[in-house]
Amino acid sequence: MDEWELAESLRRVREGSLDRRQFARTLLGLGLTAPMVVELLGPRPGHAQARRSVFTPTRRGGGGELKTLWWQAPTILNPHLATGAKDADASRIFYEGLVSFDPDGTIVPNLTAEIPTIENGGVARDGLSIIVKVKKGVQWHDGKPFTADDVVFTWEYIMDPATAATTSGAYRDIARIDKLDSHTVKIGYKNPNPFWPKAFSSIIPRHVFAPFKGARSREAPANLKPVGTGPYRVVDFKPGDLVRAEVFPGYHEANWPFFDRIEMKGGGDAVSAARAVIQTGEYDFAWNMQVEDDVLRRMEQQGGKGRLDIAWGGGTEQMFFNFSDPLKDVDGERSSVKAPHPFLTDHAVRTALSLLVDRASIQEQIYGRHGQATANYLNAPPVFRSKNTRWEFSPEKAAKVLDGAGWKRGGDGVRAKDGKRLRMLFQTSINAPRQKTQAIVKQAAAKIGIELDVKAVVPAVYFSTDPANPDTLAHFSADLQMHSLINGSPDPQLFMQPFVSWEIAQKENKWAGRNSTRWRNDEYDRMYKAAETEMDPVKRAALFIRMNDMLIQSVVIVPFLWRATASAVSNRLRGTDISGWDLTFWNLAHWYRDA
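Residues numbered from 1 in each chain as written. Predicted model: local features only at pLDDT ≥ 70, side-chain atom pairs only at ≥ 80, totals over all residues. Heavy atoms only, no water.

Before we move on, can you summarise the environment of Lys179 with the specific residues and values?
Counting through the fold element by element, Lys179 comes out in strand β5 (residues 174-181). A C-alpha to C-alpha distance of 8.9 Å links Lys179 and Val151, two positions 28 residues apart in sequence. Dropping the residues within four chain positions of it, Lys179 is found in contact with Ala148, Asp149, Thr184 and Val185. Engagement of the side chain of Lys179 in a polar contact is seen with the side chain of Asp149, the distance being 3.1 Å. (Helix = DSSP H or I, 4+ residues; strand = E, 2+ residues; numbered from the N terminus. Contact = heavy atoms within 4.5 Å. Polar contact = N/O pair within 3.5 Å; in protein donor to acceptor, adjacent residues only side chain to side chain.)

Requested: an account of the pairing of strand β23 (residues 565-570), with residues and values cited.
The side chains of a regular strand alternate between both faces of the sheet. Here β23 lies mainly inside the structure; five of its six residues are buried. Pairing geometry for strand β10 (residues 285-286) and β23, over two bridges, is antiparallel. Residue pairing across strands places Phe285 opposite Val569, the latter belonging to β23. (Buried < 20%, exposed > 50% of the residue type's maximum accessible area, 1.4 Å probe, protein only. Pairing = 2+ DSSP bridges.)

Before we move on, could you go through unusual backbone geometry and cite the residues and values that matter?
The phi torsion of most residues other than glycine is negative, and most of the peptide bonds are trans. The residue after Trp256, namely Pro257, is reached through a cis peptide bond having omega 5°. Looking at where Pro257 falls in the secondary structure, it is placed in the loop between β8 (242-247) and β9 (261-266). In this structure, the amide linkage connecting Ala380 to the following residue, Pro381, adopts the cis form with an omega of -10°. Relative to the assigned elements, Pro381 resides in the loop between β15 (371-373) and α11 (395-404). Even without being a glycine, Asp331 presents a positive backbone phi close to 55°. On the secondary structure map, Asp331 appears in the loop between β13 (329-330) and β14 (333-334). Classification of Asp331 as exposed rests on a relative accessible area of 61%. For Arg518, which is not glycine, the phi dihedral falls at a positive 65°.

Pasting the structure below:
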C-alpha cells in the first residue's frame, strides 16, 4: 500500500464509506502494530490494560532466585545516564515508567492509573497537552510515597543541560509540566505532539536525586544504589560484573513479583551465556544471543534445558562512518567536529565501502533466523519502511567508484590520493558475529586496495558511559565502527535522533550525545523537527521514509541486518513476553517459573 492508497483509505474511513474495523484488520495484516493503527485511524474509546499472566500467584515471592546473564555488563544504574541496553536493562529492574510497550507494540500502563486518551480527557485534541493520572499507593524502595512531584522532577533533572542526560531527546518538546494535584500532572508541549509515550520511560525520585541535578549528576550515590518503584530493590552492585536484588515487599501489584531474588551477571561472551541457559540450565535467562544460528540450533538439539526466544522490533545492525578525524587532537579532543575526516568525507569512499558489505553472507552464515538482510536503517513498523533503497555487494563496482574518484593503487597495493592512503581502523565490541562480520568486510576491502585494521573492544568499555575512556562508541576513536541501534518504541522519532546535529557526541556534553558519526545535515534536521510536530500520520510516515533515504543515499551508515531480539530462555521460565519495542525487563514483575 503506497502513500496515496493509504491517504485515500483513511479519507474513506473518516467519511464512513469504508468500515473502520475492516481497514484496521488490513493494516494489522500489513504488519502495523496496534498503536500505529490507532495513530493512523485516530483515537477510539478505551485503552490498553496491563498484560496479565495466566498464572495467578497467591503471595508475593516464594519463587527462589532468578538467575540472568548479560554478556555486556552494566556499569551504571541510572537510566538517564545509561549508554546502551545493558545499563538500561539493569536500571529497569529498579525503575519504572509511566507506560511500556508489549510485544505487539501496544501501550500498557505501569505507573499511570489509566492511559490518557481524547475520550477520557487525557489528551488534548490539538496535541498540545496531556493530563496524566499516576497510580496512588505506590512506594519508592525507601518507603517514601511516589507522587506527581517525582514526574515533574524527572523532567527538570533531564532537561538541565549540566545533567548531560542521555535520554534528553525524548523530553525536549515539553514546554512545561504543571502539578494539578498530588497524583495528577498536565504536560504541555511546545508544538503538537503526535506520540506522547516516548518520554517518561523511567521516573526517578525527587527526594533522592534533587541534590544531584545538573553538574553533580555523576556524583549521585543512587547511580550505583538505585531507589525505584520496581518489583525488586538493590542488594549489591559491582559495576562491570554483577547486580543483585531482592523482592520489594511494598511493590504496588498484589502478590507480585514471583521470585525472591534476582541476579544479573555481566561479562563473558554470548556463546557461554547461551550454553549456560540452553545446555547446562545453570541460568534461567540470557540476553542478546548474538551467536551464529547454527551454534544455537545445535545447543537446542543437544541441551534440552532452554530455547531461543525471537522477538521482532526495530533493531538494526550497521557500520558507521566517522565524519571527523580520529587521529587529530583539537583542544584536547579527538574526533572533533572541528576536524573533518581526511577521506571519509569523500562520498565515493563511503559508497565503495558500502558495496563491500556482503549482507547475504552475513545473514546466511552468521545470523540465520534472527536476522534479515536490509538496505534500510528504519525497518519497522512496516508503514515506515522505505521501498526506495536497494543493497548490492560488488567489489568490482566499488573498485570502479574509487578509480573514477582518483583513488589509485600504490606500490603496496593500497589506494591513495593527494598523499592520503585508504587505511582505516574498524572497531566493534568483542562478539563473535560482529568480529566475523569485520573479517568479511576486511577481506572484500583488501581485494580492491583498502586496508582495514580491525579492533574489538571489551563490551563493558565500548558501551560504557565513561567520558574519560577513548574506546567508547561515543568517542568513536576509529574510522569505522559497528554495533546495533534499537528502536525502543513503535514510533520512530527517537530512533532517527542519532543523526541530528544537536546530538553530536563531544567533549562539551561529556560524550552523552547520541550522534557518534558527527555527520550533520540541515535538511535532515529540518525533517526531524517537522516529524516531531506533524499530526497527520501519513505525512509523518513520509518524513521518516525521506530521512531514512537520506541516510542511505548520503552513505552516512551502512545498515546491513534487521536484527531480532534473540534471548535464551529456560524451558521452565514463563511470563517473559520479550518485546522488540521495549527493554528486556519491561514485564519483569510477571516473570515466574513452572514447578
